[in-house]
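Secondary and tertiary structure notes
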2 protein chains.
Amino acid sequence: MHSNPKLALILSLGVFLSGVAARAIAAAPAAHTLAELLAASTERDWRPLDPEQTLYLELASGRVVIELAPQFAPLHVANIKSLVHAGYFNGLAIVRVQDNYVVQWADPNEKEPRPVPPDVHDVAAEFDSPTRAQTPFTRLPDGDVYAPMVGFSDGFPVARDPKLKLTWLVHCYGMVGVGRDNDPQSSGTELYAVIGHAPRHLDRNVALVGRVVKGMELLSSLPRGSGEIGFYAKNEAPVPIRAITLASDLPAAERSHLEIIRTDSPLFTQLIEARRNRPEAWFLHKAGHIEVCNVPLPVREQNAVAVQPPR
Amino acid sequence: MHSNPKLALILSLGVFLSGVAARAIAAAPAAHTLAELLAASTERDWRPLDPEQTLYLELASGRVVIELAPQFAPLHVANIKSLVHAGYFNGLAIVRVQDNYVVQWADPNEKEPRPVPPDVHDVAAEFDSPTRAQTPFTRLPDGDVYAPMVGFSDGFPVARDPKLKLTWLVHCYGMVGVGRDNDPQSSGTELYAVIGHAPRHLDRNVALVGRVVKGMELLSSLPRGSGEIGFYAKNEAPVPIRAITLASDLPAAERSHLEIIRTDSPLFTQLIEARRNRPEAWFLHKAGHIEVCNVPLPVREQNAVAVQPPR
């Protein structure tokens, strides 16, 4: 009668979310689990994070690793790099944690805000961008409630509108975006990460600039703010940010050496299918479908042989 | 250049998730925000929680309120009530917190498990149930990646298959389900709540038995377990459960008196539309669509005049 807690609900899925492929799905019915596919992966199935496009958000509890997406938001990413180089975020704080929504960091001192470097200005909205033929796009086969097409490009979850010829990053768990007020322009001084069910109504309303690839639990388990829309109230201490640094600015010994699954590989097509129709014995009903924000994107330490599969 | 953190990213959406309507959407283009609609709501738009179908999960940090769904899982709900009446859960613990997935509670003592009451046995799978004509169903207009139809019944997010004539609860944020091992039967001694992006691949694989209507943040902000699939490791203390009680077993003064929006009301149709196409000035792009797990289900204190709108 007592089911074993170690066995019960062994269903896994994303500690680190995202990543997908669909092209050859019909031709590749899954017989293997995600764990088996990862165990059989080769070096060619992984790519290292580019230190020039990787941020470390350092908290007392540890390091949050963010991969930037300059191909989708070049102006904001340039701003954020300038801010990081100037040490702008060091000593600022997480000021808002709204349950099932976002963690947001900014300058908590509204009266005497920290100056920004002279090369950082509000830049034009980067809510979507023209679809480029050379951008890889691994399309998911099961559609989407919000967009005509969804899939993955360079490891990021994206949507496309073929009529408008536009592509945009979508708000899955762990995506990082730029806070703004009612003006569509923004600078990048306030950033947020999604910590709940994908708030897809934000798509095309903010510049998404990257994705947390490791350390999400350091953000998602923070105490929720009791103020309006999750801002920390006066009696609640904001969570200090020790520093945000660019990986390439640190000596190699201080970097996190991570690799991410390639989303334009045949292996990824198999991973998708292993998630659309879970081969694990626990699954009595096979979903037969998958939604873009439910696709795990495995991450591993560089030169690791195996990887712990996500949920 | 500095956007005001209090203004930036004012996008709101569900502290408490779920709830919807679609019938008259085409006839009721939204001009009002969710906040305005709630402010104009009347008593008839709300229903009190039934104390016979309401659980209180008591933690040191506060109370988590769960509404049971006996109409969808009568056997498991009966079991859970027997367990609660016998004090089965009192002094047990939260044993698993997997980021972006589930919080799970059970008997942490595997070697000498607590006895269960004699009337509690493993019961048949309650993964879906025949669609009943009398069950209200407020269908969402924008479809779903996983199921032929989605919407809300009695305040719960559901999917339907008209060909199979089946209805089932779906795994949105805050839904509560019954852990099981590979056997499709289960008793209800191990329960979990969804704390991340909706793991819809679990639909029709477990008996969902209810939904957290208040206190989700007490679960979602718990430290993640470092063991396999989020179980607390030996060096991590499980989170003690003081008690789980049925509201009707407590004197009125000790109950939480909550009301939930009615999901079969004309107001709810307007709420959905106010979320499909957000009228707030901040939203430059109107999504024009909504997904079942992105629909907020407002909750308020009984006899409250106003309610703080969710995100």
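By convention here, each chain's residues receive numbers from 1 onward along its written sequence. Lettering of chains starts at A and numbering of ligands starts at 1, both following the order in which they are written. Only residues with pLDDT of at least 70 get local features here, since the model is predicted, and only at 80 or more are side-chain atom pairs given and counted; chain-wide, interface and lining totals rely on the full set of residues. To get the side-chain values, take all heavy atoms of the structure and skip hydrogens and water.

1. Structural notes on the overall build of chain A
Runs of E in the DSSP output that reach at least two residues are strands. Runs of H or I that reach at least four are helices, and both are numbered from the N terminus. In terms of helices and strands, chain A carries 4 helices and 17 strands. Classification of residues uses two cut-offs on accessible area relative to the type maximum, computed with a 1.4 Å probe and protein chains only: under 20% is buried, over 50% is exposed, and between them is partly exposed. Across the 311 residues in chain A, those meeting the buried criterion constitute 62%. Of all intrachain contacts in chain A linking residues separated by at least 6 positions in sequence, the fraction that spans at least 24 positions is 74%. Method for areas: the Shrake-Rupley scheme with a 1.4 Å probe, in which residue coverage is limited to the protein chains shown. With an accessible surface of roughly 11300 Å², chain A has 55% of that area assigned to carbon and sulfur atoms. Should any heavy atoms of two residues lie within 4.5 Å, those residues are counted as being in contact.

2. Here we look at the packing of aromatic side chains
For Phe, Tyr and Trp, rings pair up if their centres lie within 6.5 Å, where Trp contributes its six-membered ring, and each pair is then called stacked (planes under 30 degrees apart), edge-to-face (over 60) or tilted (otherwise). Considering all chains together, one arrives at 4 aromatic pairs over all chains under this definition. Seen from their ring centres, Trp282 of chain A and Phe283 of chain A are 4.9 Å apart, and the 75° between their planes marks the pair as edge-to-face. Any Lys NZ or Arg CZ found within 6 Å of a ring centre and within 35 degrees of that ring's normal is scored as a charge over the ring. Lying over the aromatic face of Tyr56 of chain B, Arg63 of chain B brings its terminal NZ or CZ to 3.8 Å of the ring centre. Sitting over the ring of Trp168 of chain B, Arg204 of chain B keeps its end group 4.5 Å from the ring centre.

3. Side note on the sheet that holds strand 16 (residues 258-261) of chain B
Residues and elements named next belong to chain B. On the basis of which strands lie adjacent, the open sheet formed by 3 strands has the order 1-16-17 and antiparallel pairing. Taken across any chain shown, the strands that pair with only one partner, and hence form the sheet edges, are strand 1 (46-48) and strand 17 (299-301). Geometrically, the sheet is characterised by an average inter-axis angle of 35° between neighbouring strands, direction not taken into account. Alignment of strand 1 against strand 16, held across 3 bridges, turns out to be antiparallel. In the sheet register, Trp46 faces strand 16, and the bridge partner there is Ile261. Between any two strands, pairing holds if DSSP finds at least two bridges. Between the N-to-C directions of two axes lies an angle of 0 to 180 degrees, each axis being a line fitted to C-alpha atoms and, for a helix, fitted only over the stretch in contact.

4. Details of the state of the cysteines
All names here are of chain A. We call a pair of cysteine sulfur atoms a disulfide whenever their separation is within 2.5 Å. All told, the structure shown has 2 disulfides over all chains when counted by the stated rule. Cys172 shares a disulfide with Cys293; S-S distance 2.1 Å. With the S-S dihedral at roughly -75°, the linkage between Cys172 and Cys293 falls on the left-handed side. Taken together, the residues span a long stretch of sequence, with Cys172 in the loop between strand 10 (166-169) and strand 11 (175-178) and Cys293 in the loop between helix 4 (266-276) and strand 17 (299-301) at a distance of 121 residues. In this structure Cys172 comes out as buried when scored by relative accessible area, which is 0%.

5. Comments concerning helix 2 (residues 74-85) of chain B
All names here are of chain B. Every helix has an expected span of 1.5 Å times one less than the residues it contains. Here helix 2 spans 16 Å end to end across 12 residues, near enough to the 16 Å set by a 1.5 Å rise per residue. Residues of helix 2 that are buried include every one of His76, Val77, Asn79, Ile80, Lys81, Ser82, Leu83 and Val84, and no others. Of the residues one or two after helix 2, Gly87 is the one with positive phi, at around 70°.

6. Let's talk about the pairing of strand 9 (residues 156-161) of chain B
Side-chain positions along a regular strand alternate between the two faces of the sheet. Residue and element names in this part refer to chain B. Along strand 9, 6 of the 6 residues are buried, which leaves the element largely enclosed by surrounding structure. The alternating pattern of strand 9 places Phe156, Val158 and Arg160 on one face and Pro157, Ala159 and Asp161 on the opposite face, and all of these are buried. Sheet analysis places strand 8 (residues 149-153) next to strand 9, joined by 5 bridges and oriented antiparallel. Its bridge partner being in strand 9, Met149 is matched across the sheet by Arg160. Following strand 8, the chain reverses through 2 residues before pairing antiparallel with strand 9; Asp154 in that reversal takes a positive phi of roughly 50°. Here strand 9 runs beside strand 10 (residues 166-169); their pairing, made up of 4 bridges, is antiparallel. The residue of strand 10 that forms the bridge with Asp161 is Leu166.

7. Some thoughts on the confidence of the model for chain A
Residue and element names in this part refer to chain A. For every residue, the predictor reports its confidence as pLDDT, a number between 0 and 100. Averaged over chain A, the pLDDT score is 90; the fraction of residues at 70 or greater is 88%. Below pLDDT 50 for its whole length, residues 1-28 participates in 136 contacts with residues either more than four positions away or in separate chains. Taken over the whole predicted complex, pTM reads 0.90, whereas the ipTM for its chain interfaces reads 0.90.

8. Examining the sheet that holds strand 17 of chain A
All names here are of chain A. The sheet built from 3 strands is open, its strands ordered 1-16-17 with antiparallel pairing. Two strands bound the open sheet, and with one partner strand each, they are strand 1 (46-48) and strand 17. Within the sheet, the average angular offset between the axes of one strand and its neighbour, ignoring direction, is 35°.

9. Regarding unusual backbone geometry
A positive phi angle, close to 55°, is found at Asn100 of chain A, a residue other than glycine. Relative to the assigned elements, Asn100 of chain A resides in the loop between strand 4 (93-98) and strand 5 (102-106).

10. Structural notes on the pattern of salt bridges
Residue and element names in this part refer to chain A. A carboxyl oxygen of Asp or Glu within 4 Å of a side-chain nitrogen of Lys or Arg is what we treat as a salt bridge. Summed over all chains, the structure comprises 24 salt bridges over all chains. Here Asp142 makes a salt bridge to Arg276, at a shortest N to O gap of 2.7 Å. Here Arg276 lies in helix 4 and Asp142 lies in the loop between strand 7 (138-139) and strand 8 (149-153), a separation of 134 residues in the sequence. The salt bridge involving Arg276 is made with Glu273; its shortest N-O contact spans 2.9 Å. Of the two residues, Arg276 and Glu273 are both situated in helix 4; the distance of 3 residues between them amounts to about one turn of the helix. You can call Arg276 buried: its relative accessible area is 10%.

11. Overview of the side chain of Asp45 of chain B
Residues and elements named next belong to chain B. By the element assignment, Asp45 lies in the loop between helix 1 (34-39) and strand 1. Only four residue types enter the charge count: Lys and Arg as positive, Asp and Glu as negative, with His and the chain ends excluded. Despite its burial, Asp45 remains without a salt bridge, the nearest opposite charge being carried by Arg44 at 6.2 Å. Polar contact criterion, stated in full: a pair of N or O atoms within 3.5 Å, where within protein one must be able to donate a hydrogen and the other to accept it, and residues adjacent in sequence count only if both atoms are side-chain atoms. Within polar-contact distance, the side chain of Asp45 engages the backbone nitrogen of Thr42 at 2.9 Å. If we ignore the near neighbours within four places in the chain, the residues touching Asp45 are Ile260, Ile261, Arg262, Ser265 and Leu267.

12. Some remarks on the environment of Phe156 of chain B
All names here are of chain B. Looking at the secondary structure, you find Phe156 in strand 9. For Phe156, a relative accessible area of 1% puts it in the buried group. Placed 87 residues apart in sequence, Phe156 and Ala69 show a C-alpha to C-alpha distance of 8.1 Å.

13. Description of helix 4 (residues 266-276) of chain B
Structural remark: α-helix, 3.6 residues per turn; residues separated by three or four positions point the same way. Residues and elements named next belong to chain B. Of all 11 residues making up helix 4, 9 are buried, and the element is well covered by its neighbours. Regarding helix 4, the residues found buried are Leu267, Phe268, Thr269, Leu271, Ile272, Glu273, Ala274, Arg275 and Arg276. At its buried positions, helix 4 is contacted by helix 1 and strand 16.

14. Points about the pairing of strand 2 (residues 54-59) of chain B
Residues and elements named next belong to chain B. For strand 2, the tally of buried residues reaches 6 of 6 residues, placing the bulk of the element in the interior. Side chains Thr54, Tyr56 and Glu58 project from strand 2 onto one buried face, and the interleaved Leu55, Leu57 and Leu59 project onto a second face that is buried too. Sheet topology places strand 2 next to strand 3 (residues 62-68); 6 bridges connect them, and they run antiparallel. Looking at the pairing, Thr54 lines up with Glu67 of strand 3. Joining the antiparallel neighbours strand 2 and strand 3 is a turn of 2 residues.

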